[in-house]
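# Breakdown of the fold
The primary structure of each chain is shown beneath.
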Amino acid sequence: MAGHEIPEPADRKQVADPRSDPQTVEETRHSCDPAFRHGVVVGFDGSTSSERALAYAIGMASRSGSGLIIVHVANRLPTTVWAGCEPPVFVDVPDHRTEVLGLELACADYLSEVPWVLVERGGDICHELEEVGREYSADAIVVGSTHGIVGRIFGSVAGRLARRAQRPVIVIP
C-alpha cells in the first residue's frame with residue numbers, strides 16, 4: 001500500500017549477517033572461554049565416586065596447566081500433562097542440585113589451584129559429557145565408576161562413555 005510503511009520492531013535482532021562466512025557464524029555459536037580450551041572435563045554429581053574423579057581431575061589439570069570443566073548433568077524429571085482430549089505433553093522439570101553443587105564448589109579450598117567452570121546440562125550423561133568435551137576440545141574426560149546393581153543392569157556411564165567417546169576417558173574407581 002502506498003504511503004503506509006510498517007516500521008521494523010526496535011528490539012529486532014539480526015540473526016546472521018548475509019555477507020559473513022557461514023563458518024564464522026557457526027564458530028560464534030559454540031564459543032567458550034579460551035582459558036578452558038584443551039582442559040579436563042569431569043562429570044560431577046556430588047557422589048563419593050564423582051568426588052574422587054574431581055580430585056583426580058584437579059591434579060591432572062594442575063599438572064598440565066589447563067582449566068577444569070566440571071559438568072553436572074541435571075536430572076530432568078519427565079512430567080506428563082494431560083489437557084483434556086489432546087495428546088499428553090512431556091515437560092522437563094529441572095532439579096536445583098546444580099545450584100547447590102556450584103555453591104559447594106565455590107566454597108571449596110581444593111579448587112583454588114586451578115581455574116574451573118561449572119557447566120549444567122540436561123539429558124543423557126554420556127552424550128552430554130562427550131558434547132562438552134567436544135565444545136571445549138578437552139584433552140580428557142574423567143568420570144567416577146558406577147557401583148551397584150543399576151550399573152550392572154543398565155551398564156555404567158563410564159563403560160558406555162569409554163566405548164563411544166572421541167577422546168581419552170579416565171575412570172576413577
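Residues numbered from 1 in each chain as written. Predicted model: local features only at pLDDT ≥ 70, side-chain atom pairs only at ≥ 80, totals over all residues. Heavy atoms only, no water.

## Regarding the overall build of the chain
Within the chain, the regular secondary structure consists of six helices and seven strands. Along its sequence from the N terminus, the chain presents helices and strands in the succession α-β-α-β-β-β-α-β-α-β-α-α-β. Burial status across the chain gives 35% buried among its 173 residues. A sequence separation of at least 24 residues applies to 70% of the contacts in the chain between residues at least 6 apart. For the chain, the computed accessible surface area is about 11,300 Å², with 57% contributed by carbon and sulfur atoms. (Helix = DSSP H or I, 4+ residues; strand = E, 2+ residues; numbered from the N terminus. Buried < 20%, exposed > 50% of the residue type's maximum accessible area, 1.4 Å probe, protein only. Contact = heavy atoms within 4.5 Å. Areas by Shrake-Rupley, 256 points an atom, 1.4 Å probe, with all protein chains shown as cover.)

## Observations regarding the confidence of the model for the chain
With 64% of its residues at a pLDDT of 70 or more, the chain has an overall mean of 76. The secondary-structure element of the chain with the lowest mean pLDDT is helix α1 (residues 22-29), recorded at 42, while strand β1 (residues 40-43) shows the highest, at 96. Segment residues 4-9 is flagged for pLDDT under 50; beyond a separation of four residues in sequence, or across chains, it makes zero contacts in the model. Confidence drops under a pLDDT of 50 for residues 22-29, and excluding neighbours within four residues, the segment shows two contacts in the predicted structure. (pLDDT = per-residue confidence, 0-100.)

## With respect to the nonpolar core
The biggest cluster of nonpolar side chains holds 18 residues, and the ones touching the most others in it are V40, V42, L54, L68, I70 and V142. Listing elements by their share of this core, those giving two or more residues are β1, α2 (48-64), β2 (68-74), α3 (97-106) and β6 (140-144). Of the residues forming this core, the biggest block, six residues, is contributed by α2. Setting aside residues no more than four positions away along its own chain, I70 makes contact with V42, F44, L54, L105, L111, W116, V117, L118 and V119. Counting 17 residues, the second-largest nonpolar core is a separate cluster that includes V41, V119, L129 and Y136. (Core = buried A, V, L, I, M, F, W, Y, C linked by side-chain atoms within 4.5 Å.)

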